[in-house]
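# Topology and contacts: notes
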Amino acid sequence: MISVEEALQKILDAVTVLDVETVPIMDSQGQVLAEDIISGINVPPLDNSSMDGYAVRSADTTGATQNTPKTLNVIDTVIAGSISKNEVTPGTAIRIMTGAPIPSGADSVVQFENTDDPKNKDVSLNQTPAQVNVFTPVIPGQNIRYAGEDIKKGALTLKKGMVMRPAEIGLAASMGRSQVKVIRRPVIAVISTGNELTELDTPLSPGKIYNSNSYSISSLVKRYGGIPKMIGIARDDEKDLLSKLKQAQDADMLLTTGGVSMGDYDMVKDILARDGEMIFWKVRVKPGKPLAFGKIKSKDKDGNPRAIPHLGLPGNVTSCMVSFELFVRPALLKMLGKKNLAKPTVSAIIEDTVKNNDGRRVYSRAIIEKRNGNYYAHLTGPQSSGMITSMSMANGLVIIPEDNGSINKGDTVQALMLDWNEEVNI
Ligand code: AMP
Ligand code: MG
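Residues numbered from 1 in each chain as written. Chains lettered and ligands numbered in written order. Predicted model: local features only at pLDDT ≥ 70, side-chain atom pairs only at ≥ 80, totals over all residues. Heavy atoms only, no water.

## A few points about helix α5 (residues 268-275)
Rules: Residue exposure (1.4 Å probe, protein chains only): buried if accessible area is under 20% of the type maximum, exposed if over 50%, otherwise partly exposed. Strands are runs of DSSP state E lasting at least 2 residues, helices are runs of H or I lasting at least 4, and numbering of each runs from the N terminus. The arc in question is traced by the directions running from the helix axis to the C-beta atoms. Should any heavy atoms of two residues lie within 4.5 Å, those residues are considered in contact.
Considered for burial, the residues of α5 that qualify are Val268, Lys269, Ile271 and Leu272. One side of α5 holds all its buried residues, which, seen down the axis, span an arc of 165 degrees. Buried residues along α5 sit against β12 (187-193), α4 (238-247), β16 (253-257), β17 (276-281), β19 (292-299) and β20 (305-313).

Here's what the structure looks like:
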C-alpha cells in the first residue's frame, strides 16, 4: 500500500493546468488570472476631495483659530460627479462633497467640522451660504486624493497567476474591465454506484438508502471552484456502469463513489483496470483505504481517444469526503492553475486519546477551537466512516501519524482545517 504523499503525487502527476477562457468578472471568483492587465486610465481620474468641506487656497487659512477664524466668500457648491466652472481665487471657497473634483485654484479642503457650515441643513434647499468661517488652517494637499494615486494609467495592476477574489474583481471593475481571461474551471463528473441507492424525492423501499455521496462530493467540487457534472446512480452491474461512464467522457476528471472494496459487486476498480490504466489501489490512510486511481479510456467531442483521470472514491459517506479533501481538492486546484494546493493546518492540543495500531495515517474528525491563544481539538465522537453527522460536526481533521501508534490527551497534533471557526455547526 502506498502512502498519502505517494498517492497524491501520482494523482497530481496525472493532471495538468487547463486552458484559458474569457469570463465576465462576476463569474471569475476563485479563478486564476491568465493575462496581465495594464490600466488604461488613472484611478481616480481627477484630483478629488476625501472630505465633505470647503475647497480653499491653503494660504487663506494660515493662522485660523476658533477665536480668530478666516472668513471666505463661498462662490459655488460642487458634488461628486460634477465639475465646478468656477475658480477658487484668494479670499473665496467652494463647498465640496467627498469624491467631487477639486476646483481650479484650490490646493486643499477644510472639512465641514472645522468651519461654521450649518449643521442639520435642509439638503433639499441645496443652499450655498454666502460666507464661511474657517477655524483651522490646512496645508497644501490636505484632504485631496490625487489623480492616479490608486492606479496609474499604464501600470500593471493585475498579474497573470493572481487569484480573482472580491478585491481583484473590484480592481478590474475600477479600471472598467467587465471580462477577464482566466484558467477555466474543471468539469468533474460524479457517479455514485450501488444497488441500494435511491434518488431523492423517491420513497425508500426496504434495504435502500438515499444517495448522499453525489451531493456531498458535487458540493465539494463546487466549493473548490470546479463544475460538477452529476451523472447520478450507476447500479452494480457492468452494463449500467459502462453507460454512466460514457456520459462522463467529456469531463476533465471522473469521480465515482463506492464499488472499490472487496465485495462481490465492487466492480469499479475492475472496469478501471480493464478499460483504462489502474495507477494505484489502496492507500495507507484511514478513512479511505480502498481509494483507486487511474485513467479511464474515453473519447473527446471529436471522437479522438483520450484518458480521463478517474478517482474511485470509497462508498462510505465520510471516507469519500475525506478522500476528496486529501486527494481530489489538490488535483482540482492544480487544474485551476493554483499554486497553493495544501489546506491550512494548525498545531492543536488534543483533548482525547486516540489509538492507531494498523500502520495507516488516521484523519479523525474533530472540532478545533481557539481558547486563550491555543488551538484545542476534540473528536466529534464515534469515528465510523459511515456516519455523516460526525462530518457535519467537524471543522477539521486531526492527523494521527501512521508510525506513532497512539496519541495521548494533551499531546500536540497537526489539524487540517476544513472550515474556520465561523462556520462550525456546534
Ligand atoms: P461500497 O464501497 O460500495 O461497498 O459502499 C460502502 C458503504 O457506503 C455501503 O454501506 C454503502 O451503502 C454506502 N454508500 C455507497 N454509496 C453511497 C451513496 N452514494 N450515498 C450514501 N451511502 C453510500
Ligand atoms: Mg457498493
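## What about the domain arrangement of the protein chain?
To keep it simple, the criterion reads: By convention here, the domain bounds are inherited from an automatic or database domain assignment.
Examined at the domain level, the protein chain breaks down into domain 1 (4-18 + 185-335), domain 2 (21-40 + 158-183), domain 3 (48-145) and domain 4 (345-417). Using only C-alpha atoms to locate each centre, domain 3 and domain 4 end up separated by 62 Å.

## Topic: the nonpolar core
Heads up, the condition is: We call a set of buried residues a nonpolar core when its members are Ala, Val, Leu, Ile, Met, Phe, Trp, Tyr or Cys and they connect through side-chain atoms within 4.5 Å of each other.
Ranked by size, the top nonpolar core spans 43 residues in total, and within it Ile217, Met253, Leu255, Leu311, Phe324, Phe327 and Tyr363 carry the most contacts. Elements supplying a minimum of two residues to this core: α1 (4-13), β12, α3 (213-223), β16, β20, α6 (317-335) and β25 (396-400). Sorting elements by how many residues they give to this core places α6 first, with eleven residues. In this view, Phe324 contacts Ile217, Leu220, Val221, Tyr224, Leu255, Arg329, Pro330 and Leu332; residues no more than four positions away in its chain are not counted.

## Considerations on the sheet that holds strand β8 (residues 131-134)
Filter applied, for reference: Pairing between two strands is assigned when DSSP locates at least 2 bridges connecting them. Each axis is a line fitted through C-alpha atoms, and for a helix only the stretch in contact is used; angles between axes span 0 to 180 degrees, taken between their N-to-C directions.
Strand order in this open sheet of five strands is β7-β4-β6-β5-β8, and the pairing throughout is mixed. Both outer strands of the open sheet, β7 (108-111) and β8, are each paired with one neighbouring strand and no more. Sheet twist, expressed as the mean angle between neighbouring strand axes with direction ignored, is 40 degrees. Inspection of the sheet shows strand β4 (residues 53-56) paired to strand β6 (residues 92-96) by three bridges, in the antiparallel sense. Counted as the bridge partner of Gly53 is Ile96 from β6.

## Some words on the packing of aromatic side chains
To be explicit about the condition: Within 6.5 Å between ring centres, the rings of Phe, Tyr and Trp (the latter by its six-membered ring) count as paired, and their orientation is classed by plane angle as stacked under 30 degrees, edge-to-face over 60, tilted in between.
Counted according to the given criterion, the structure contains three aromatic pairs. Ring plane angle 70 degrees and centroid distance 5.7 Å describe the contact between Tyr54 and Phe112, whose orientation is recorded as edge-to-face. Residue Tyr54 is located in strand β4, and its partner Phe112 is located in the loop between β7 and β8; the two are separated by 58 residues in the primary sequence. Under the relative-accessibility criterion, Tyr54 is labelled buried at 0%. Ring geometry for Tyr224 versus Phe324: centroids 6.4 Å apart, planes at 20 degrees, classification stacked. With a gap of 100 residues between them, Tyr224 in the loop between α3 and β15 (227-234) and Phe324 in helix α6 connect regions that are remote in the sequence. Residue Tyr224 is classed as buried on the basis of its relative accessible area, which comes to 9%. Given a relative accessible area of 0%, Phe324 falls into the buried group.

## Describing the pairing of β12
Burial runs high along β12: six of the seven residues are buried. One ladder, built from seven bridges, connects β12 with β15; its direction is parallel. Across the sheet, residue Ile188 finds its bridge partner in β15, namely Pro228. Bridging between β12 and β16 involves five bridges; their strand directions are parallel. In the strand pairing of β16, Val190 is matched with Leu255.

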